Amino acid sequence: MSLPVIPTDDTEVYEDPLDLMDEIDELKKEKDATILAHFYVDGEIQDIADFTGDSLKLARDATQVTTSTIVFSGVHFMGESAKIMNPDKRILIPDMQAGCSLAESCPADQLGAFQEQLRAEGRVFDTVAYINTSAAVKSLCDWIVTSGNAREIIERVPADRDILFVPDQHLGRYLMEVTGRKMILWPGSCMVHEVFSIQDLIRAKRNNPGSKVIAHPECPQNILEITDFIGGTERMRQHVMGIDEPTTFLVATESAMIHAFQKSAPQHNFVPVPGIMASTGETCACNRCPHMARNTLQKVRNCLRDESPEIEWRDYFQQARDVLDKSLLQ
Ligand code: SF4
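Residues numbered from 1 in each chain as written. Predicted model: local features only at pLDDT ≥ 70, side-chain atom pairs only at ≥ 80, totals over all residues. Heavy atoms only, no water.

Novice: Would you mind going over the state of the cysteines in detail, with residue names and values included?
Specialist: Per the stated rule, a full pass over the model turns up zero disulfides. The thiol sulfur of cysteine 303 is not disulfide-bonded, and the nearest other cysteine sulfur, from cysteine 289, lies at 18 Å. Owing to a relative accessible area of 0%, cysteine 303 belongs among the buried residues under this scheme. (Disulfide = S-S within 2.5 Å. Buried < 20%, exposed > 50% of the residue type's maximum accessible area, 1.4 Å probe, protein only.)

Novice: Give a detailed account of the sheet that holds strand E5 (residues 125-130), specifying residues and quantitative values.
Specialist: With respect to topology, four strands assemble into an open sheet ordered E6-E5-E7-E8, the strand pairing being parallel. Edge strands, defined here as strands with exactly one partner in the open sheet, are strand E6 (143-145) and strand E8 (184-185). Of the pairings in the sheet, the one linking strand E7 (residues 162-166) to E8 comprises two bridges and is parallel in character. The partner of leucine 164 across the bridge, within E8, is isoleucine 184. Across the sheet, helix H6 (residues 108-120) is in contact with E5, E7 and E8; its angle to E7 comes to roughly 165 degrees. (Pairing = 2+ DSSP bridges. Helix = DSSP H or I, 4+ residues; strand = E, 2+ residues; numbered from the N terminus. Contact = heavy atoms within 4.5 Å. Axes fitted to C-alpha atoms, helices over the stretch in contact; angles between N-to-C directions.)

Novice: Before we move on, could you go through the domain arrangement of the protein chain and cite the residues and values that matter?
Specialist: The assigned domain composition of the protein chain is domain 1 (17-98 + 291-306), domain 2 (103-189) and domain 3 (193-284). Computed from C-alpha coordinates alone, the two centres of domain 1 and domain 3 are separated by 26 Å. Contact with domain 1, which involves nine residues of that partner, is made by 12 residues of domain 3. Summing both sides of the interface, domain 1 and domain 3 together bury roughly 850 Å²; the carbon and sulfur share of this comes to 59%. Linking domain 1 with domain 3 are four residue pairs in polar contact (both at pLDDT 80 or more). Broken down by element, the residue count for the side of domain 1 that touches domain 3 peaks at three residues, all from helix H2 (residues 43-48). (Domains from an automatic or database assignment. Buried area = accessible area lost by both parts, 1.4 Å probe. Polar contact = N/O pair within 3.5 Å; in protein donor to acceptor, adjacent residues only side chain to side chain.)

Novice: Go over the confidence of the model for the protein chain, please, and point to the residues and values.
Specialist: Within the protein chain, residue pLDDT values average 91, and 92% of them lie at 70 or more. Note on residues 1-7: pLDDT is under 50 here. Beyond four places in sequence and across chains, it has 13 contacts. (pLDDT = per-residue confidence, 0-100.)

Novice: Let's hear about the sheet that holds strand E10 (residues 229-230): which residues, and what values?
Specialist: Spatially, E10-E9-E11-E12 is the arrangement adopted by the four strands of the open sheet, whose pairing is parallel. At either end of the open sheet lies a strand with only one pairing partner, and these are E10 and strand E12 (269-272). Of the strands in this sheet, strand E9 (212-215), strand E11 (248-252) and E12 touch helix H13 (residues 257-264), which is tilted by about 175 degrees from E12.

Novice: Tell me about unusual backbone geometry, residues and numbers included.
Specialist: Geometrically, the link from valine 166 to proline 167 is a cis peptide bond, its omega value of -10 degrees lying close to zero. Note on placement: proline 167 falls in the loop between E7 and helix H9 (169-179). Here the bond from serine 308 into proline 309 is cis, since omega is 0 degrees, no more than 30 degrees from zero. Tracing the chain through its elements places proline 309 in the loop between helix H14 (297-306) and helix H15 (317-328).

Novice: Tell me about the environment of arginine 90, residues and numbers included.
Specialist: Positionally, arginine 90 belongs in strand E4 (residues 90-92). Looking at arginine 90, the relative accessible area reads 24%, which means it is partly exposed. Distance from arginine 90 to alanine 33, taken between C-alpha atoms, is 9.1 Å for residues 57 residues apart in sequence. With sequence-adjacent residues up to four places away left out, arginine 90 is seen in contact with Lys31, Ser68, Thr69, Ile70, Glu307 and Glu310. At a separation of 2.7 Å, a polar atom in the side chain of arginine 90 contacts the side chain of glutamate 307.

Novice: Quick rundown of the packing of aromatic side chains? Include the residues and the values.
Specialist: Tallied over the entire structure, the rule returns five aromatic pairs. Aromatic pair tryptophan 313 and phenylalanine 317: ring centres 5.3 Å apart, planes at 75 degrees, arrangement edge-to-face. Here phenylalanine 317 falls in the buried class, since its relative accessible area comes to 1%. For the pair tyrosine 316 and phenylalanine 317, a centre-to-centre distance of 5.4 Å together with 70 degrees between the ring planes defines the contact as edge-to-face. The exposure class of tyrosine 316 is partly exposed, given its relative accessible area of 34%. Taken together, the ring pairs in this structure connect Phe249, Phe261 and Phe270 into an aromatic cluster. When the ring centre of tryptophan 143 is taken as origin, the NZ or CZ atom of lysine 326, which lies over that ring, is 4.0 Å away. (Phe/Tyr/Trp six-rings, centres within 6.5 Å; stacked < 30°, edge-to-face > 60°. Lys NZ or Arg CZ within 6 Å of the ring centre and 35° of its normal.)

So, in structure tokens, the structure goes:
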């Protein structure tokens, strides 16, 4: 499947992808490296990776790696999580500028100030953070969840404590519904999942009779209300793999995910749900994450060759690690 080309601020000279893949293979051996790739990066990077998956699976996979170096093809907070879980390994990421609008919507200093305000009001609460947060934010929280395990973790928070959920308001609202727990929601959102257009989804359903909608819980409520299956990327993948009958799925998540779906469940047809531009109201290709799109084969090669950029250990990583250990690895 060909994906829309997202312009980045750095121009790359064309190099043959097959040559790049061979070069990466050689460098991996020379530098004793393992490549992890998120489902949202380009398919050609997923194809050369040793591990692919969602945030939770990759956080767990990173602890199984035996090489001294990990190249994490994803976004910055994922590289931080890999370093937190593997302090003794060198963690390289292809592009240090690959951020995340959701993580950036919850800066650590603002979260700390809000927690102080709640405590001053006498509120007794646990802070539950979605994994799409910086390490500094993770270090201020009690629990870290992914879309795959959020329900189970929230059920572990004692009923007599309030819950402050950060940073994704849409996921938080969905979790309030499925767990029945009231939460204080941080008003953050993902720039990709927020743009799915309800009109285009209804039109796509009409044009594809018998199709099923699968959506990520970071999508707004109006999309989730007409969705047949709601789940994080790995749960969606398991869901389509479990259905033998060839089906057309309308997919409301980052469009690179379709590569992983097609590889895992080739019996089905996958149609990306279009997004809509807030500024003009026109249908757009904004279901491609511009941060994930900063990962290219050339940058994977370059970071292996140059052994840079690297995620360095910070003091607050240990506190973040304690929270991650308690939440994800038990
Ligand atoms: S898709 Fe959204 S949540 Fe995921 S990295 Fe991109 S901006 Fe962040």
